[in-house]
Amino acid sequence: MSPTASRARVRFASVEGAAALFTPAFCDYLVALHERLTPRANDLRAQRAAMLAQALQGTPPAHAPRSAATTGTWRVPPVPDDLRTPGIEISGPCSITSMFINALNPGPEGERAAGDLDDDEDSGGHRLVDTVRAAHNRLAAVHRELSFVDRERNRSYKIAEGELPFFMHRERGMHLDEPDVTVDGAPVNAALLGTALTLFYAGRAQAERGQGIYFYLPKLEAAAEARWYRDLFDASREALPFLREAVIRAVVLVESLPCVYAMEEMLWELGPYAAGLNAARWDLKASIFEYVMADPASVWPDRFGVDIKTTPFLADIFRRLVAICLKRGAVPIGGMATALPSSDPEVNRVAGEAIRADKEWEARQGFIRAWVAHIFHMKTAADPFKQLIASGWAPTAAMADPESYPVRIEVPKGPVTLEGTRRNARMVVEYLEGWLNGRGAKGIDSLAGKPGVHPALMEDLATGRMSVAQIAQRIRHRAKTTEGPEAVHDFTLVKRLIAEETDDILARLRAAVKDDAPYREAETRYRKAQRIALRWIKNYADLDFRSLGSYTRANLDRIAAAPDAF
């Protein structure tokens, strides 16, 4: 089929920058991928739904029978030196140009991150305009031509001189479609679209410079899904001559409960593209909530106290991840430090101590690198990895044996409090306001106005998902508080908490914002967010775990205009 014929089959919304990307040549490539891979993606989604349904009926995920993937002495192909670099990766939305540039530049101590996680998934806006802008920004960053002028703040952003971090591209997950791009009227898979754009544009520029093209693969739940990505990369090599000799490698994000049971198999299925595993935290907790949602014996305590380091079964999942990487020659990458800088030195000191302790723990488990949300804390987060590895420390033999860390799912210890539910409610409303404003990541202080020292955190879609899931779990099982004021969770209680937190947010905003027009715009978004939060929570309580990223802005407008979900 000629490129012209393919272009005629592709339709895309008229958003800024899209026409420059959807050229006849790109559309030819996209249509070929769509025809080859979309039916399998849809089948894999159906298999996911069936696995979740079985879990909700009492048959949870489990290990597959032993196979070539879990036996023998095979190892992933040698991992590029970039990906073996100890330190830190900085994560953020690459569709927000100013944030992307800041992430690529040195922090306050003059050091750059080892790698940049340019995200179009958990911190992206999940609109076509975000995907398009991310594609343009990635290409411009590789060319070192990325710049931005913020006229409202009278600030200019540009990439500083010096060597850039290596790029880790994270596209949207294969569970999502992009409704604003269709082939023959059918929406294009969002993972396929994002990966294709990156390979066709930034990937070509990286290949021409001899750079590795690296991806994080989000939300995987089965080994067959990793094979789908392998076939996507293979098909792209076949279609695009400039990729045939390029280094393309992928790291699996372990952020679903089923993935925990299939980590080794996923590396096996990725084959020549396998590079490592990442210990995602928030999404993994959210996935566990979803898989045990129907079980009244599995109600969790306040999520804020469920620390990976001190929750044995979660710690062992991460240790198992490291063991599989050590066994198979892959790289283990740790979790996110989310604290944002403050004008209060004491807040920064407390945040720095917590980040340092967290990353020291990860380094001692065998992780070589982790993530940070802001350049302010970059050196604090990076040093534990660099220092331990430079000291000559080496993992023990037991740390390289996955059988040392069997998977078990337990209910963490801790209290169920009204304050914990309230914090979740506030986070959801705050996050949804940012989402409605086109931001997939937002700095949120869920303890605003409360005594104590608490930095704002950079929250993303994973935190929103986790907060909604915990609220829904408590409603579904009428969880009783175990500390503080006595209460039984139900829809009436949660609706009151959401209303109170929204009112408090707006009162603080009214006191801080003197101009009426910006306040009124924000107030409208917060009131819409309040109503969308009710629907999101109601869906989860009804065992409908549809991703927020699957709702168009028109969908959300209709939800906000409808009667309250409860």
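Above this text is the structure in question.
What comes next is a walk through the structure.

What counts and how
- Residues numbered from 1 in each chain as written.
- Predicted model: local features only at pLDDT ≥ 70, side-chain atom pairs only at ≥ 80, totals over all residues.
- Heavy atoms only, no water.
- Helix = DSSP H or I, 4+ residues; strand = E, 2+ residues; numbered from the N terminus.
- Rg over C-alpha atoms; globule rule 2.2 N^0.38 Å.
- Buried < 20%, exposed > 50% of the residue type's maximum accessible area, 1.4 Å probe, protein only.
- Contact = heavy atoms within 4.5 Å.
- Areas by Shrake-Rupley, 256 points an atom, 1.4 Å probe, with all protein chains shown as cover.
- Expected span 1.5 Å × (residues − 1).
- 1 Å grid on protein atoms, 1.4 Å probe; cavity = no way out; pocket = protein on both sides within 12 Å on 5 of 7 lines; lining within 4 Å.
- Points joined across faces, edges and corners; volume = space filled by probe spheres on them.
- Nonpolar A, V, L, I, M, F, W, Y, C, P; charged D, E, K, R; others polar.
- Axes fitted to C-alpha atoms, helices over the stretch in contact; angles between N-to-C directions.
- Parallel < 35°, antiparallel > 145°, perpendicular 65-115°, else oblique.
- Left-handed = near helix turned anticlockwise from the far one by under 90°.
- Phe/Tyr/Trp six-rings, centres within 6.5 Å; stacked < 30°, edge-to-face > 60°.
- Lys NZ or Arg CZ within 6 Å of the ring centre and 35° of its normal.
- Salt bridge = Lys/Arg side-chain N within 4 Å of Asp/Glu carboxyl O.
- Core = buried A, V, L, I, M, F, W, Y, C linked by side-chain atoms within 4.5 Å.
- Pairing = 2+ DSSP bridges.
- Polar contact = N/O pair within 3.5 Å; in protein donor to acceptor, adjacent residues only side chain to side chain.

1. So, the overall build of the protein
A tally of helices and strands in the protein yields 18 helices and 15 strands. Against the 2.2 N^0.38 benchmark of 24 Å for 566 residues, the protein shows a C-alpha radius of gyration of 23 Å, consistent with a compact globule. Expressed as lengths along the three principal axes of its C-alpha atoms, the size of the protein is roughly 65 × 55 × 50 Å. Taken over 566 residues, the protein has a buried fraction of 59%. Long-range contacts, defined as pairs at least 24 residues apart, comprise 79% of the intrachain contacts of the protein with a sequence gap of at least 6. For the protein, the computed accessible surface area is about 21,900 Å², with 52% contributed by carbon and sulfur atoms.

2. Considering helix 14 (residues 418–436)
Under the 1.5 Å per step criterion, the end-to-end length of helix 14 is 27 Å for 19 residues, consistent within 8% with the ideal 27 Å. Within helix 14, 17 of the 19 residues are buried, which leaves it mostly tucked inside the rest of the structure. Note on helix 14: the residue one or two positions beyond its end, Gly438, has a positive phi of about 85 degrees.

3. Digging into empty space enclosed by the protein
Unoccupied space between atoms shows up once a probe the size of one water molecule is rolled over them. In this structure the tally under the stated criterion is three cavities of 30 Å³ or more. Roughly 150 Å³ of volume is contained in the largest cavity. Together, 13 residues line the largest cavity, and Ala280, Arg281, Trp282, Met336 and Trp371 are the ones closest to its centre. Where the lining of the largest cavity is concerned, the elements lending two or more residues are helix 10 (282–291) and strand 12 (331–337). By residue class, the composition of the lining of the largest cavity is six nonpolar, one polar and six charged.

4. Points about the packing of helix 7 (residues 223–239) against helix 9 (residues 263–270)
Viewed as axis vectors pointing N to C, helix 7 and helix 9 meet at an angle of 20 degrees, and their least axial separation amounts to 8 Å. Judged on the interaxial angle alone, helix 9 and helix 7 are roughly parallel. Two packed elements cross with a definite hand, and for helix 7 against helix 9 that hand is right-handed. Contacts between helix 7 and helix 9 pair Ala223, Ala226, Arg227, Tyr229 and Arg230 from the former with Glu265, Met266, Trp268, Glu269 and Leu270 from the latter. A breakdown of the residues in the contact of helix 7 with helix 9 according to their chemical character gives six nonpolar, no polar and four charged.

5. Some remarks on the packing of aromatic side chains
The full count for this structure, using the stated rule, is 22 aromatic pairs. Residues Tyr540 and Phe545 carry aromatic rings whose centres are separated by 4.9 Å and whose planes lie at 50 degrees to one another, so their mutual orientation is tilted. Here the two residues Tyr540 and Phe545 agree in accessibility, since each one is buried. Here the basic side chain of Arg510 rests over the ring of Tyr519, its NZ or CZ set 4.2 Å away from the ring centre. The lysine or arginine in question, Arg546, covers the ring of Tyr551, its NZ or CZ lying 3.8 Å from the ring centre.

6. Overview of the packing of helix 14 against helix 15 (residues 461–476)
Look at helix 14 against helix 15: their axes get within 9 Å of each other, and the N-to-C directions meet at 140 degrees. The orientation of helix 14 relative to helix 15 falls into the category oblique. The two elements helix 14 and helix 15 cross, and the hand of that crossing is left-handed. Contacts from Gly420, Thr421, Asn424, Ala425, Met427, Val428, Tyr431 and Trp435 in helix 14 reach Leu461, Thr463, Gly464, Ser467, Val468, Gln470, Ile471 and Arg474 in helix 15. By residue class, the composition of the contact of helix 14 with helix 15 is eight nonpolar, seven polar and one charged.

7. Some remarks on the pattern of salt bridges
Summed over all chains, the structure comprises 58 salt bridges. Across the pair Arg227 and Asp231 runs a salt bridge whose closest N-O atoms are separated by 3.3 Å. One end of the pair, Arg227, and the other, Asp231, are both in helix 7, four residues apart, so they sit about a helical turn from each other. Given a relative accessible area of 33%, Arg227 falls into the partly exposed group. Take Asp231: its relative accessible area is 14%, and that puts it in the buried class.

8. Describing the layout of surface pockets
Estimated volume of the second largest pocket: approximately 850 Å³. Around the second largest pocket, the lining comprises 30 residues; the ones closest to its centre are Trp282, Phe304, Asp307, Thr338 and Leu457. Counting residues per element, the lining of the second largest pocket draws most heavily on helix 12 (residues 345–365), which supplies five residues.

9. Quick look at the nonpolar core
By size, the foremost hydrophobic cluster in this structure holds 162 residues, and its most contacted members are Phe22, Phe26, Trp228 and Tyr229. If one sorts the elements of this core by residue count, helix 3 (residues 24–56) sits on top with 12 residues. Ignoring anything within four residues of it in the chain, the contact list for Phe22 reads Arg7, Val10, Phe12, Cys27, Leu30, Val181, Leu193 and Tyr201. Residues Cys94, Leu104, Leu146 and Tyr157 belong to the second largest nonpolar core, which totals 15 residues.

10. Section: the sheet that holds strand 8 (residues 186–189)
Strand order in the open sheet formed by three strands is 1-7-8, and the pairing between neighbours is antiparallel. Both edges of this open sheet fall to strand 1 (10–12) and strand 8, since each of them pairs with a single strand only. Within this sheet the neighbouring strands show an average axis-to-axis angle of 50 degrees, counted without direction. In the sheet, strand 1 pairs with strand 7 (residues 177–183) via three bridges, with the strands oriented antiparallel. From the neighbouring strand, Arg11 faces strand 7, where its bridge partner is Thr182. Where helix 6 (residues 190–208) meets the sheet, it contacts strand 7 and strand 8, and its direction lies at approximately 60 degrees from that of strand 8.

11. Re the sheet that holds strand 12
To summarise the sheet geometry, strands pair through backbone hydrogen bonds and adopt either a parallel or an antiparallel arrangement. Read around the barrel, eight strands follow the order 2-3-6-9-10-11-12-13 and close on themselves; strand pairing throughout is parallel. The average angle at which neighbouring strand axes cross in this sheet is 30 degrees, direction not considered. Alignment of strand 2 (residues 87–93) against strand 3 (residues 115–119), held across five bridges, turns out to be parallel. Paired with Ser91 across the strands is Leu117, a residue of strand 3.

12. What about unusual backbone geometry?
What you tend to see is this: most non-glycine residues have negative phi, and most peptide bonds are trans. Even without a glycine there, the phi angle at Arg144 is positive, about 60 degrees. Judged by relative accessible area, which is 36%, Arg144 ranks as partly exposed. Despite not being glycine, Arg478 shows a phi value in the positive range, around 45 degrees. Relative accessible area serves as the criterion here: at 48%, Arg478 is assigned to the partly exposed category.

13. Considering the environment of Asp503
The topology assignment puts Asp503 in helix 16 (residues 491–512). For Asp503, the side chain forms a polar contact with the side chain of Arg527, separated by 2.9 Å.

14. Remarks on helix 4 (residues 97–104)
With six of eight residues buried, helix 4 lies mostly within the body of the structure. Of all the positions in helix 4, only Thr97, Ser98, Phe100, Ile101, Ala103 and Leu104 are classed as buried. Looking at the buried residues of helix 4, the elements they touch are strand 2, strand 3, helix 5 (128–142), strand 4 (147–150), strand 5 (155–158) and strand 6 (166–170).

As far as function goes, none of this settles anything; it's purely spatial.
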